[in-house]
Amino acid sequence: VLFHTYTKILESFIQNIDNSKYSQLEYLLAKSFSSIIIKTSKNSKVIEILKQNHLNIYEKFGKEGTDTRLKNWKTIEKSMLKWYKETHGTDIVSVNILKALIRYTFYKDENRRDIVINYLSGKDLNDEDLKSVNLDPWSNTHLEDFSLKAISLFGKLSIFDEPLIISFDQLEAMSSDKELLLNFGESVKEIITTTPNSLIILNLFPNRWREYEALFDNSFIELVGKNKILLNRPDATTLKKMLKHRAKYYGIDLDNIFVDKLIYKDILKYDSIRGVLNRASDFFKYYVHNIPLPKEITITLEEKIAKLIKRVEILESLHNIESDTISQKKIDFNIDTYIKKIYQQKLKEYDKKTIIDDKLDIDKLKYILESIDEFYNFDIDFFKIRKVLPEHIIIKTDKFQYVIGFLHLEGRQFVGRIKNFNSLVVNYPQYYFRLFRDAREKPIRGKVSKDEQLKLNNTKNGKFIIINKTDRVIYETIYQLITDLKNRDIDIPLKELMERIFDIYSEFWLCKLLKS
């Protein structure tokens, strides 16, 4: 949980800010490093340059590759490391993370910067890459411990800039996994207690929070839930103003389009802000693009019973929960349009800087499979052996047994894992083995690594597969669609959603596998 949280923080930090050539991470490091150097350095020229503008740290200390730049940065690094050790101690993991952040600020070459980001994401880099950025390898570092120290370090640096705000969204989907929820609670407690100058926000429906309160112990509730802000639905007048303001931002006067006052009445009757926006969008498309309005359909008796059962289950474990009335009608939901929307969103995100992680990819696959296991006949398992394997899962259908693994690592970690994977391919000829690697990762270069990759591809039951752009986007789309449904962003039966996914992406490897 901590590693996933940290990688998402790092991933958001390295995105460029709109209308700026710098990222959040660059702004944070420039402000905090400049403040520390001004306080600790004895070099008056360096202090004056940074006082003029903290962003000068990237521009004013010599050209790339010159002795002047190297000399200046050695002085800066010395000041930074002295400050940290005197203020926060000599923990080797934290010091190495700080060294990596200093290197990231020093280098202008994007290739070296990418290597530093990979290092900061906890990856075991090969000796050549480590030497190119002058960093020490991670040796026997526990990822959760590493992640907590990295988050804590960002908090310590943020003292010189703005508070570190960590917002957890889409928490509804965890409600079916008690173990994950408890781990999440412990991780949030650790972040709060070790990360200074931080604000932790959990976005949840009120009923869901009450459900979680019944599960967590008092230490979590007192620490995390001591400040609760209930966001009530705005009244109709406010919602109407919000709608018109949103449209005005795009140069649209809604009153010129929605001339019939009854249209606003129809739009504003929905319970949530999202519902109001979606209904307004329906009417806008109807009047501007002549796209027919979705039909209102009556909720079936089965749907009413399912909703009532769900409420009863919650009420049995909770107290004082107000039940809303079940609407007699709902808007017909266009699944194809929504799937296309999410696909386009993921397609756009593909080219953004991304932390690609083996564990996260296998967790997404596990999440998808566990969400749909009631509709498709398969079992899931994993190999219980002491050897270090790629992150993997075994999927057993009526006819076949598949082993799906992800291996985005490189260097020693790549070699060790693929060797052990290849041993399984030989020893389990009744299984079909598929090992995936993202196309955005560095190509496999080492001779031993290439030999093991070739060995896997030359077996009858094994294959090494590069995840291309299309397959990655489809994978992320399926994961997001299921997450949106579980978070109540869309209101359709899961089976109906999955049937459409399987129709649209029938040639995608996961859809083909589950149909086998």
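Thresholds applied
Residues numbered from 1 in each chain as written. Predicted model: local features only at pLDDT ≥ 70, side-chain atom pairs only at ≥ 80, totals over all residues. Heavy atoms only, no water. Patch = residues over 30% accessible without salt bridge, like charges linked within 9 Å, V, L, I, M, F, W, Y side chains within 5 Å. Areas by Shrake-Rupley, 256 points an atom, 1.4 Å probe, with all protein chains shown as cover. Salt bridge = Lys/Arg side-chain N within 4 Å of Asp/Glu carboxyl O. Lys, Arg positive; Asp, Glu negative; His and termini not counted. Charge placed at Lys NZ, Arg CZ, Asp CG, Glu CD. Helix = DSSP H or I, 4+ residues; strand = E, 2+ residues; numbered from the N terminus. Buried < 20%, exposed > 50% of the residue type's maximum accessible area, 1.4 Å probe, protein only. Phe/Tyr/Trp six-rings, centres within 6.5 Å; stacked < 30°, edge-to-face > 60°. Lys NZ or Arg CZ within 6 Å of the ring centre and 35° of its normal. pLDDT = per-residue confidence, 0-100. Contact = heavy atoms within 4.5 Å. Axes fitted to C-alpha atoms, helices over the stretch in contact; angles between N-to-C directions. Parallel < 35°, antiparallel > 145°, perpendicular 65-115°, else oblique. Left-handed = near helix turned anticlockwise from the far one by under 90°. Nonpolar A, V, L, I, M, F, W, Y, C, P; charged D, E, K, R; others polar. Polar contact = N/O pair within 3.5 Å; in protein donor to acceptor, adjacent residues only side chain to side chain. Core = buried A, V, L, I, M, F, W, Y, C linked by side-chain atoms within 4.5 Å. Arc of directions from axis to C-beta.

Thoughts on a negative patch on the surface
(1) Moving on: On the surface, Asp177, Glu179, Glu370, Asp373, Glu374 and Asp379 cluster together into a patch of negative charge.
(2) Moving on: Tracing the chain through its elements places Glu179 in helix H9 (residues 178–194).
(3) Moving on: A relative accessible area of 59% means that Glu179 is categorised as exposed.

Topic: the packing of aromatic side chains
(1) Moving on: One pass over the full model with this rule turns up 38 aromatic pairs.
(2) Moving on: Three or more aromatic residues link up through ring pairs in this structure, and these residues are Tyr6, Phe13, Tyr119, Trp138, Phe146 and Phe154.
(3) Moving on: Sitting over the face of the ring of Tyr104, Arg113 holds its NZ or CZ atom 4.2 Å from the ring centroid.
(4) Moving on: If you follow Lys364 out to its NZ or CZ, it ends over the ring of Tyr479, 5.2 Å from the centre.

Looking at the confidence of the model for the chain
(1) Moving on: Confidence in the prediction for the chain averages 88 pLDDT; 93% of positions are at 70 or higher.
(2) Moving on: Averaged pLDDT values for the elements of the chain fall to 54 in strand S4 (residues 329–331) and rise to 97 in strand S8 (residues 432–438).
(3) Moving on: Segment residues 317–326: pLDDT under 50, and 18 contacts once partners within four positions in sequence are set aside and those in other chains are kept.

Section: the environment of Lys269
(1) Moving on: Note on placement: Lys269 falls in the loop between helix H13 (261–267) and helix H14 (273–289).
(2) Moving on: As for Lys269 and Phe284, which are separated by 15 residues in sequence, their C-alpha atoms are 17 Å apart.

Some remarks on the packing of helix H8 (residues 143–158) against H9
(1) Moving on: Here H8 crosses H9 at 40°, and the two axes come no closer than 9 Å. If you check the angle between H8 and H9, you find them oblique. The crossing of H8 and H9 is right-handed. Residues Leu148, Ile151 and Ser152 of H8 form the contact with H9, whose own contacting residues are Glu190, Ile191 and Thr194.
(2) Moving on: In terms of residue class, the contact of H8 with H9 is built from three nonpolar, two polar and one charged.

Notes on the environment of Asn16
(1) Moving on: Tracing the sequence through the fold places Asn16 in the loop between helix H1 (2–13) and helix H2 (24–40).
(2) Moving on: Spatially, the C-alpha atom of Asn16 lies 9.1 Å from that of Glu26, the residues being ten residues apart in sequence.
(3) Moving on: Setting aside chain neighbours within four positions, we find Asn16 in contact with Lys21, Tyr22 and Ser23.
(4) Moving on: Engagement of the side chain of Asn16 in a polar contact is seen with the backbone oxygen of Lys21, the distance being 3.4 Å.

What to know about the nonpolar core
(1) Moving on: If you look at the biggest cluster of nonpolar residues, it comprises 72 residues, and the most contacted ones within it are Phe33, Leu101 and Phe154.
(2) Moving on: The element that contributes the greatest number of residues to this core is helix H5 (residues 92–106), accounting for nine residues.
(3) Moving on: If you look at the next biggest cluster of nonpolar residues, it comprises 43 residues, including Tyr338, Ile362, Tyr367 and Leu481.

Examining helix H3 (residues 44–52)
Since there are 3.6 residues in each turn of an α-helix, residues three or four apart along the chain are aligned in direction.
(1) Moving on: Within the span of H3, buried status applies to Val46, Ile47, Ile49 and Leu50. The arc that holds every buried residue of H3, seen down its axis, measures 165°, which confines them to one face. Those residues of H3 that are exposed and angled more than 90 degrees off the buried face are Ser44, Lys45, Lys51 and Gln52.
(2) Moving on: Packed against the buried residues of H3 are H2.
(3) Moving on: By the N-cap criterion, in which a side-chain oxygen at the helix start approaches the backbone nitrogen of a residue two or three places on, H3 is capped by Asn43, the distance to Lys45 being 3.1 Å.

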